[in-house]
Amino acid sequence: MQPNKFGVGQPVRRQEDDALVRGAGRYVADHAPPGLLHAVVLRSPHAHARFRIADVAKARAMPGVALVLIGADAAKLGHLPCLGLVPGTRIKVPPYPVLATDVVRHVGDAVAFVVADKVEHAKDAAEAIVIDWEPLPHVIGAQAAVAAGAAPVWPQQPGNLVFDTSLGDAGATAQAFARAARTVSLTLVNQRLVTNYLDTRGVIAEVDQDTGRLTLTLGSQGGHAIRDILCNDILRIAPAQMRVVTPDVGGGFGTKAFCYREYALAALAARALTRPVKWIADRNEHFLGDAQGRDNITTARLGLDARGRFIALEVDLLADMGAYLSCYAPFIPYLGAGMSPGLYDIAACHVRVRGAYTNTVPVDAYRGAGRPEASYVIERLVDVAAHETGVAPDELRRRNFITPAAMPYQTPTGKTYDSGDFAAHLARAQELGDWSGFRHRHAAAHARGRLRGIGIATYIEACGSGGPETAIARLDPDGGITVLIGTQSTGQGHHTAYAQLIAQRLRIAPDFVRVIQGDTDLVATGTGTGGSNSIPCGGPSVAGAADQLADRLTALAGNVLEAAAGDLEFV
């Protein structure tokens with residue numbers, strides 16, 4: 001068989017780039033159907049306040065205004081659900097309304113949705129809405145939220161505690177610490193982060209006037225899940241009554257995976273007006289209305305024996321959930337807590353995980369979703385141990401890595417590592433980074449009046465566990481191949497990767513492969529993209545579809561050519 005010029009592992013030109021570098025990409029903000037109306041969201045300037053909308057009539061009568069929705073107008077809609085709860089706990093999920101009705105709980109909380117012929121007219125009308133505000137006590141920061149006497153975010157949730165759970169064995173960990181020759185500890189902050197992707201979130205809602213069926217064009221990491229939440233939980237219509245289309249997406253990072261208020265509001269407005277309604281977040285609004293990430297405060301202790309071996313790990317993690325529970329928010333710190341031991345052979349470990357309500361924007365999955373936070377904790381803690389014991393950071397890690405002979409290895413937090421030679425990985429990284437030559441580079445930098453540093457961090461990930469993902473590979477009349485799959489590229493290069501998988505089996509140039517994502521009508525099912533799932537889950541599905549197509553083509557060709565399938569090959 002000839003070498004596979006375009007197969008997996010071969011350098012090929014990215015399929016996505018030609019259109020993008022020529023400015024021919026098509027993003028949500030580019031979609032402008034005829035008769036389009038524009039919407040803005042009026043948001044709270046207060047972290048916590050009781051409010052009453054005193055006058056909306058003036059706004060409704062202003063030039064160009066087509067509709068003003070307030071909480072009472074959206075009262076029949078369901079609330080945004082929280083799907084990512086913590087195993088073994090009972091969480092009372094507070095209401096997360098599409099529009100707040102009488103109390104706002106963070107700066108940016110949505111109180112009105114204004115639709116007009118122009119964005120400027122919608123903004124003018126939003127500013128004309130008269131609201132009586134009564135500021136209430138508020139609390140910012142998880143530690144302040146769980147302190148005695150803190151202002152409650154939710155009156156029915158005293159102490160602002162969302163959940164309190166643990167992993168590992170507290171008794172065994174306490175006994176191990178009692179035997180430790182040395183104990184080191186630290187408290188650190190995984191700070192709150194804002195995604196700030198290139199194209200902000202947006203939605204255009206259209207209604208088929210004959211059938212009443214909705215089409216939502218929005219930036220997402222998978223339209224199927226958003227459609228199902230919108231239909232089943234909020235709008236209470238059959239999912240067949242909605243199509244979700246996702247064009248090009250300029251970054252998602254977890255944050256575009258969720259269902260947001262504006263999608264339901266645009267749908268509600270479009271149905272009321274029987275005209276397309278478009279909402280695009282501006283850059284400031286992104287900081288107020290999109291789920292944020294991280295925001296954990298962690299105290300960790302590490303026990304070492306006389307030989308510098310790690311024998312006990314204790315972690316106390318307090319996670320800020322914000323004012324509402326976003327889609328997967330409670331599960332994220334719990335998921336990360338399971339990775340607390342990192343690459344190290346620590347026999348006894350106990351991790352306490354708590355979530356707290358605060359008067360801030362809700363948090364959710366972002367860039368690794370809990371696992372980078374866990375890695376940061378254990379790696380900082382190991383560096384503290386190296387500093388306090390006088391053992392070099394690389395040597396202390398090597399001394400405590402899980403060995404290949406121990407695989408498969410069960411961590412005390414319940415994770416199974418099936419393989420890995422971590423000491424060899426470290427040695428190779430040090431070789432490539434010229435670790436031994438750092439002293440000379442440091443001295444040269446110091447002579448020029450500059451500071452130079454070097455450090456080590458390890459990371460192990462639990463990902464690729466989404467799915468299942470369905471892929472269809474279809475032979476087209478022009479001889480090309482069309483792939484339909486429910487993942488969603490947000491800049492990763494899915495078209496190129498999937499085209500290489502097709503090329504691997506069918507031996508055609510990637511240019512002859514078309515990839516269709518982001519349309520719930522064309523792609524029947526889809527898990528979407530998140531948690532590094534697309535290639536681990538979608539890739540094997542594409543490869544499997546290519547194999548099935550190849551087998552069918554081989555059988556057809558064998559019949560026509562009167563040849564055995566084994567005598568045929570693709571070239």
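One can find the structure itself at the top, above this paragraph.
The written sequence of each chain sets the order in which its residues are numbered from 1. Only residues with pLDDT of 70 or above have their local features reported here, since the model is predicted, and side-chain atom pairs are shown and tallied only from 80 upward, although totals for entire chains, interfaces and linings are computed over all residues. Heavy atoms throughout the structure, all of them, feed into the side-chain values; hydrogens and water do not.

Enquirer: What am I meant to see in the sheet that holds strand β15 (residues 348–357) here?
Expert: Strand pairing in a sheet is mediated by backbone hydrogen bonds. Such pairs are either parallel or antiparallel. Strand pairing is defined by DSSP finding a minimum of two bridges between the two strands. Every helix listed is a DSSP run of H or I at least four residues long, and every strand listed is a run of E at least two residues long, numbered separately from the N terminus. Taken in spatial order, the five strands of this open sheet run β7-β15-β14-β13-β8, and their pairing is mixed. Of all strands in the sheet, those bounded by a partner on one side alone are β7 (161–168) and β8 (182–193). Averaged over all adjacent pairs, the angle separating strand axes in this sheet is 10°, with direction ignored. A contact between two residues is defined here by any heavy atoms of the two lying within 4.5 Å. Fitted lines through C-alpha atoms serve as axes, helices being fitted only where they are in contact, and the angles separating the N-to-C directions of these axes extend from 0 to 180 degrees. In this fold helix α5 (residues 170–179) packs onto β7, β8, β13 (293–304), β14 (310–322) and β15, with an angle of close to 130° to the strand it touches most, β14. Across the sheet, helix α10 (residues 371–389) lies against β8, β13 and β14, angled at about 145° from β8, the strand it touches most.

Enquirer: Teacher, can you tell me more about the pattern of salt bridges here?
Expert: Side-chain pairs of opposite charge can arise whenever the charged atoms involved come near each other. Salt bridges, as used here, are contacts in which a Lys or Arg side-chain nitrogen is within 4 Å of a carboxyl oxygen on Asp or Glu. What the rule picks out here adds up to 35 salt bridges. Linking D109 and R261 is a salt bridge whose minimum nitrogen-to-oxygen distance equals 2.8 Å. Here the residue D109 occupies a position in the loop between β4 (103–104) and β5 (110–116), and R261 occupies one in helix α7 (residues 261–273), the gap between them amounting to 152 residues. Sharing partners across several salt bridges, the network here consists of R43, R201, E262, E285 and D290.

Enquirer: Would you mind showing me how to read helix α14 (residues 494–506) here?
Expert: A turn of α-helix holds 3.6 residues, and therefore any two residues three or four places apart point the same way. A rise of 1.5 Å per residue sets the reference length of α14, with its 13 residues, at 18 Å; its end C-alpha atoms lie 18 Å apart and thus fit the reference within 8%. Classification of residues uses two cut-offs on accessible area relative to the type maximum, computed with a 1.4 Å probe and protein chains only: under 20% is buried, over 50% is exposed, and between them is partly exposed. When we look at burial in α14, the residues that qualify are H494, T496, Y498, A499, Q500, L501, I502, A503 and L506. Looking at the buried residues of α14, the elements they touch are β18 (471–475), β19 (481–485), β20 (513–516) and α15 (534–561). R507 sits one or two positions beyond α14 and adopts a positive phi of about 55°. The span you would expect from a helix comes to 1.5 Å times its residue count less one.

Enquirer: In this structure, what is going on with the nonpolar core? I would like to understand it.
Expert: Side chains of nonpolar character tend, in soluble globular proteins, to be buried together. Counting 106 residues, the largest nonpolar core has F113, V115, L216, L230, I234 and L302 as the members making the most contacts within it. Counting residues in hydrophobic clusters, the runner-up holds 22 residues, among them I53, A59, A100 and I129. Within this scheme, the nonpolar core is defined by two criteria: the residues are buried Ala, Val, Leu, Ile, Met, Phe, Trp, Tyr or Cys, and they are joined through side-chain atoms within 4.5 Å.

Enquirer: Teacher, can you tell me more about the environment of F570 here?
Expert: Note that F570 resides in the segment after α15. Under the relative-accessibility criterion, F570 is labelled buried at 19%. Sequence separation between F570 and I460 is 110 residues; the distance between their C-alpha atoms is 39 Å. Once residues lying within four places of it in the same chain are set aside, the contact partners of F570 are R505, L506, R507, A550, L553 and T554.

Enquirer: How do you make sense of the environment of V8 when you look at a structure like this?
Expert: Position of V8 among the secondary structure elements: in the segment before α1 (17–21). Put simply, V8 and A503 are 495 residues apart on the chain and 8.0 Å apart in space, counted from C-alpha to C-alpha. Aside from chain neighbours lying at most four places away, what touches V8 is Q500, L501 and Q504.

Enquirer: Looking at this structure, how should I read the packing of aromatic side chains?
Expert: Aromatic rings in a pair are described by how distant their centres are and how their planes are angled relative to each other. Working definition: rings of Phe, Tyr and Trp (its six-membered ring) pair if their centres are within 6.5 Å, and the pair is stacked with planes under 30 degrees apart, edge-to-face with planes over 60 apart, and tilted otherwise. Using the criterion set out here, one finds eleven aromatic pairs in the structure. On the numbers, 5.4 Å between centres and 40° between planes, the contact of F51 with W133 is tilted. With F51 in strand β2 (residues 49–55) and W133 in strand β6 (residues 130–135), the pair connects residues that are 82 residues apart, well separated along the chain. For F51, a relative accessible area of 6% translates into the label buried. Here the aromatic residues F258, Y260, Y263 and Y328 are joined through ring pairs into a cluster of three or more. Either the NZ atom of lysine or the CZ atom of arginine qualifies as a charge over a ring when it sits within 6 Å of the ring centre and within 35 degrees of the ring normal. For R201, the ring lying beneath its charged end belongs to Y260, and the centroid distance is 3.6 Å. Just above the ring of Y197 sits the side chain of K256; from NZ or CZ to the centre is 4.1 Å.

Enquirer: Just checking my understanding: could you explain the side chain of Q500 for this structure?
Expert: Within the fold, Q500 resides in helix α14. Judged by relative accessible area, Q500 falls into the buried class, the value being 12%. Setting aside residues no more than four positions away along its own chain, Q500 makes contact with F6, G7, V8, G9, Q10 and V12.

Enquirer: How do you make sense of the sheet that holds strand β1 (residues 37–43) when you look at a structure like this?
Expert: As summarised here, the arrangement of the seven strands in space is β3-β5-β1-β12-β9-β10-β11, forming an open sheet in which the pairing is mixed. Both outer strands of the open sheet, β3 (65–70) and β11 (242–245), are each paired with one neighbouring strand and no more. Strand-to-strand twist of the sheet, defined as the mean angle between neighbouring strand axes without regard to direction, takes the value 20°. Examined bridge by bridge, β3 and β5 share five bridges and lie antiparallel to one another. Residue L69 lies in a different strand from β5, and its bridge partner there is F113. Its contacts with the sheet put α7 on β1, β3, β5, β9 (202–207), β10 (214–218) and β12 (277–280), and the angle it makes with β9 is roughly 30°.

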